[in-house]
Amino acid sequence: SVNMAHLCIVGSHAINGVAAIHSNIIKETTFKDFHDLWPEKFQNKTNGITPRRWLLQCNAPLSRLIVDSIGDEWVTNLDDLSKLEKFVDDETFIDNFISAKLENKRRLARLLRKDYGIEVNPASMFDIHVKRIHEYKRQLLNCLYIVTLYNRIKENPRGDFTPRTVLIGGKAAPGYHTAKMIIKLICSVADVVNTDPDICGRLKVIFLENYRVSLAEKVIPACDLSQH
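Definitions and limits used
- Residues numbered from 1 in each chain as written.
- Predicted model: local features only at pLDDT ≥ 70, side-chain atom pairs only at ≥ 80, totals over all residues.
- Heavy atoms only, no water.
- 1 Å grid on protein atoms, 1.4 Å probe; cavity = no way out; pocket = protein on both sides within 12 Å on 5 of 7 lines; lining within 4 Å.
- Points joined across faces, edges and corners; volume = space filled by probe spheres on them.
- Helix = DSSP H or I, 4+ residues; strand = E, 2+ residues; numbered from the N terminus.
- Axes fitted to C-alpha atoms, helices over the stretch in contact; angles between N-to-C directions.
- Parallel < 35°, antiparallel > 145°, perpendicular 65-115°, else oblique.
- Left-handed = near helix turned anticlockwise from the far one by under 90°.
- Contact = heavy atoms within 4.5 Å.
- Nonpolar A, V, L, I, M, F, W, Y, C, P; charged D, E, K, R; others polar.
- Polar contact = N/O pair within 3.5 Å; in protein donor to acceptor, adjacent residues only side chain to side chain.
- Buried < 20%, exposed > 50% of the residue type's maximum accessible area, 1.4 Å probe, protein only.
- Right-handed = clockwise from strand over helix to strand, strands pointing away.
- Pairing = 2+ DSSP bridges.

Undergrad: Would you mind going over the layout of surface pockets in detail, with residue names and values included?
TA: Taken as a whole, the largest pocket spans an internal volume of roughly 290 Å³. Considering the residues around the largest pocket, the lining is formed by 14 residues, among which Trp54, Asn59, Leu62, Ile220 and Pro221 are closest to the centre. Contributions of two or more residues to the lining of the largest pocket are made by α4 (51–57) and α6 (91–116). Examining the composition of the lining of the largest pocket, we find that four residues originate from one element, α6, more than from any other.

Here it is, written out as structure tokens:
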């Protein structure tokens, strides 16, 4: 039989784990024989993000605020962001920070209106859960919480609830039936919540189709609450 992992190692110029502990495991146990044969192939690449994409490129309002406050050296020296600590109690900076977040939320609201035909309130809490769809990644648990919020509003229509827009996005492996059923459940719950006049816009639910980097660049800067 053909072992695909072994075939990949033979055909690749570099092999890595996604953290030092994983990279060491594949060197010392999982693929020790291959590491002994080609030690130069084995590397480590720790998962992370690049601030140039996720701050400078896709979050222009916040980037402008940072540049106006501390200059632009942080673009190539991220340690410079520590200079923002002196603004922690600066009311003008805080107001501008909130304005930058609202600008990002309005941009996302326009996209949701265009692509999904759903109006969301940019002043609501954007509660976002975006990652691969999997049982252990808690999308099902989050969906049950949405149902709980919905029931609380139904039971107490005059209650004081913080308006919330829940966005869930991600992809399921082609053969992963349970993950696909979780997506189906989220969409079914969204259909009920978004069409119930008793909710009065206090709760909206949207499943983000075809979640990808270009969409993430608009979703993540608008996030108030990250379900990671």
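Undergrad: If you had to explain the packing of helix α7 (residues 139–155) against helix α8 (residues 177–195) to someone new, which residues and values would you point to?
TA: If you want to describe how two helices pack, look at the angle between their axes and the distance between the axes. Relative orientation of the contacting elements α7 and α8 amounts to 15 degrees, with a least axis distance of 10 Å. Compared by their axis directions, α7 and α8 come out roughly parallel. Every pair of crossing elements has a handedness; the one defined by α7 and α8 is left-handed. Counting all contacts with α7, which are made through Gln139, Leu140, Cys143, Ile146, Val147 and Tyr150, the residues of α8 involved are Ile182, Leu185, Ile186, Val189, Val192 and Val193. Tallied by class, the residues present in the contact of α7 with α8 amount to eleven nonpolar, one polar and no charged.

Undergrad: Lay out the environment of tyrosine 136 in plain terms, naming residues and giving numbers.
TA: Relative to the elements of secondary structure, tyrosine 136 occurs in the loop between β3 (125–130) and α7. Looking at tyrosine 136, its side chain comes within polar contact range of the side chain of lysine 137, at 3.3 Å.

Undergrad: Give me the side chain of asparagine 142: which residues, what numbers.
TA: Position of asparagine 142 among the secondary structure elements: in helix α7. Asparagine 142 gets classed as buried once you look at its relative accessible area, which sits at 7%. For asparagine 142, the contacting residues outside a window of four places in its chain are His129, Ile168 and Gln227.

Undergrad: How would you summarise the pairing of β3 if you had to cite specific residues and measurements?
TA: With five of six residues buried, β3 lies mostly within the body of the structure. On the question of chirality, the crossover connecting β3 to the parallel strand β4 (residues 164–169) by way of α7 is right-handed. Note: β3 against strand β6 (residues 225–226), two bridges, orientation parallel. Paired with isoleucine 128 across the strands is serine 226, a residue of β6.

Undergrad: Describe in detail the pairing of strand β5 (residues 203–208), supporting the description with residues and values.
TA: For β5, a buried count of six out of six residues is recorded, marking the element as mostly surrounded by other parts of the structure. Because side chains alternate across β5, one face comprises the buried residues Leu203, Val205 and Phe207, and the other comprises Lys204, Ile206 and Leu208, equally buried. By the bridge criterion, six bridges tie β4 to β5 in an arrangement that is parallel. Counted as the bridge partner of threonine 165 is lysine 204 from β5. Handedness of the crossover joining β4 and β5 through α8: right-handed.

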